[in-house]
Amino acid sequence: MQTTHNDKIKSQFDLRSSTFDRSVHWVTDPNLVAAHVKIADALKGKSLELCCGTGAVSRGLKEAGWDTYGVDISAGMVAEASKYIHAQVADVSRLPFPDHSFDLIAMRQAYFLLDDGPAALREVHRVLKPSGGFILSHLVPFSDVDAPHLQAVHTAKQAQMRKFHTTETLSEELRQNGFDVLKKSFVVVRESVTLWMDQAPELSAETRKTVCDLVAHAPDAYRKLRNVEVRDGEILEDWNFVLLLAQPRPS
Ligand SMILES: C[S@@+](CC[C@H](N)C(=O)[O-])C[C@H]1O[C@@H](n2cnc3c(N)ncnc32)[C@H](O)[C@@H]1O
């Protein structure tokens, strides 16, 4: 039988689930997690994290008083997230919840992997309360200056990337799929590309080296904008995350 896109996602993230929290700095970065709590601070109640991974965002929401639920397609990730929140295996294009169940839905750093982003957004529209909020957060380029080379880095790293996103493409997907963007914020995380590649067992040694070389020897404008630094053999750079808080447009 043919291996589907989602089969490849499941095996990649099952393999990485037990070490995911330590595999890159951004996953548990306190400022990034806190920004999710802050952007939703006018809301309260029941939250759902889509593509929740180990539930790092939901752990912050739980501390802030949210009743936290999560779904992920990887059983390994769900096992990790279940240590902290109510988590279950599900595909975002078919959510196992009744209409208007949640006050807040969040999805961080997963939209680029989805086979059918609009199908997921339709499900968000369905299970979110009409007065609820949806946080779509994502790694994005800082500007047009670093965008083309960043796209090359992520294309080399992630064979399952369906689309390279910018703040503008994410905002447009939301608008086209029935959401109004109410708030936008950015968080910069200092990331270790060396750690990221050391913790990517799904990649060959050759691909890991390609990704490291692409960043270490990036064009000058990219290196300057992203503060690329090679210190004692470790490659560091700034990563830019956007958080968009959207509300469903009444249909
Ligand atoms: C890069 S990880 C991010 C995990 C988490 N959102 C975070 O920010 O820590 C992407 C996650 O998306 C999940 N995923 C990808 N496609 C999915 C789908 N169609 N339905 C549910 N989860 C999915 C993967 O299994 C993986 O856990």
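Bear in mind that the values here come from a model prediction, so they are computed numbers and not experimental data.

### Here's the deal with the nonpolar core
- If you look at the biggest cluster of nonpolar residues, it comprises 45 residues, and the most contacted ones within it are W26, I135 and W196.
- With sequence-adjacent residues up to four places away left out, W196 is seen in contact with S23, V24, V153, H154, K157, V211 and W239.

### Examining the packing of helix α6 (residues 147-157) against helix α9 (residues 205-216)
- For the pair α6 and α9, the least separation of the axes is 9 Å and the interaxial angle reads 170 degrees. Between α6 and α9, the interaxial angle falls into the category roughly antiparallel. Residues H149, A152, V153, A156 and K157 of α6 touch α9, and the partners they reach there are T207, T210, V211, L214 and V215.
- Per-class residue counts for the contact of α6 with α9 are 6 nonpolar, 3 polar and 1 charged.

### Some remarks on the side chain of Q160
- Relative to the assigned elements, Q160 resides in the loop between α6 and α7 (167-176).
- A distance of 3.4 Å separates polar atoms of two side chains, one belonging to Q160 and the other to H5.
- Excluding residues within four positions of it along the chain, Q160 makes contact with H5, K8, I9, Q12, F112 and L113.

### Overview of the pairing of strand β4 (residues 102-108)
- Taken across its 7 residues, β4 has 7 buried, putting it largely inside the fold.
- As defined by bridge partners, strand β1 (residues 46-50) adjoins β4 across 4 bridges and the pair is classed as parallel. Of the residues in β4, the one forming a bridge with L48 is I105.
- By the bridge criterion, 6 bridges tie β4 to strand β5 (residues 128-140) in an arrangement that is parallel. Looking at the pairing, M107 lines up with L136 of β5.
- What joins β4 to β5 is helix α5 (residues 117-127), and the crossover it makes is right-handed.

### Re α6
- Taken together, the buried positions of α6 are occupied by A147, H149, L150, V153, H154 and K157. Down the axis of α6, the buried set is contained in an arc of 165 degrees. They therefore lie on one face.
- Contacts from the buried residues of α6 go to α1 (5-16), β5, α8 (193-198), α9 and α10 (220-225).

### As for the packing of helix α2 (residues 30-39) against helix α3 (residues 56-63)
- For the pair α2 and α3, the least separation of the axes is 9 Å and the interaxial angle reads 55 degrees. Classified by the angle between their axes, α2 and α3 sit oblique to one another. Where α2 crosses over α3, the handedness of that crossing is right-handed. In contact with V33, H36 and V37 of α2, α3 contributes A56, V57, G60 and L61.
- The residue makeup of the contact of α2 with α3, split by class, is 5 nonpolar, 2 polar and no charged.

About the thresholds
Residues numbered from 1 in each chain as written. Predicted model: local features only at pLDDT ≥ 70, side-chain atom pairs only at ≥ 80, totals over all residues. Heavy atoms only, no water. Core = buried A, V, L, I, M, F, W, Y, C linked by side-chain atoms within 4.5 Å. Buried < 20%, exposed > 50% of the residue type's maximum accessible area, 1.4 Å probe, protein only. Contact = heavy atoms within 4.5 Å. Axes fitted to C-alpha atoms, helices over the stretch in contact; angles between N-to-C directions. Helix = DSSP H or I, 4+ residues; strand = E, 2+ residues; numbered from the N terminus. Parallel < 35°, antiparallel > 145°, perpendicular 65-115°, else oblique. Nonpolar A, V, L, I, M, F, W, Y, C, P; charged D, E, K, R; others polar. Polar contact = N/O pair within 3.5 Å; in protein donor to acceptor, adjacent residues only side chain to side chain. Pairing = 2+ DSSP bridges. Right-handed = clockwise from strand over helix to strand, strands pointing away. Arc of directions from axis to C-beta. Left-handed = near helix turned anticlockwise from the far one by under 90°.

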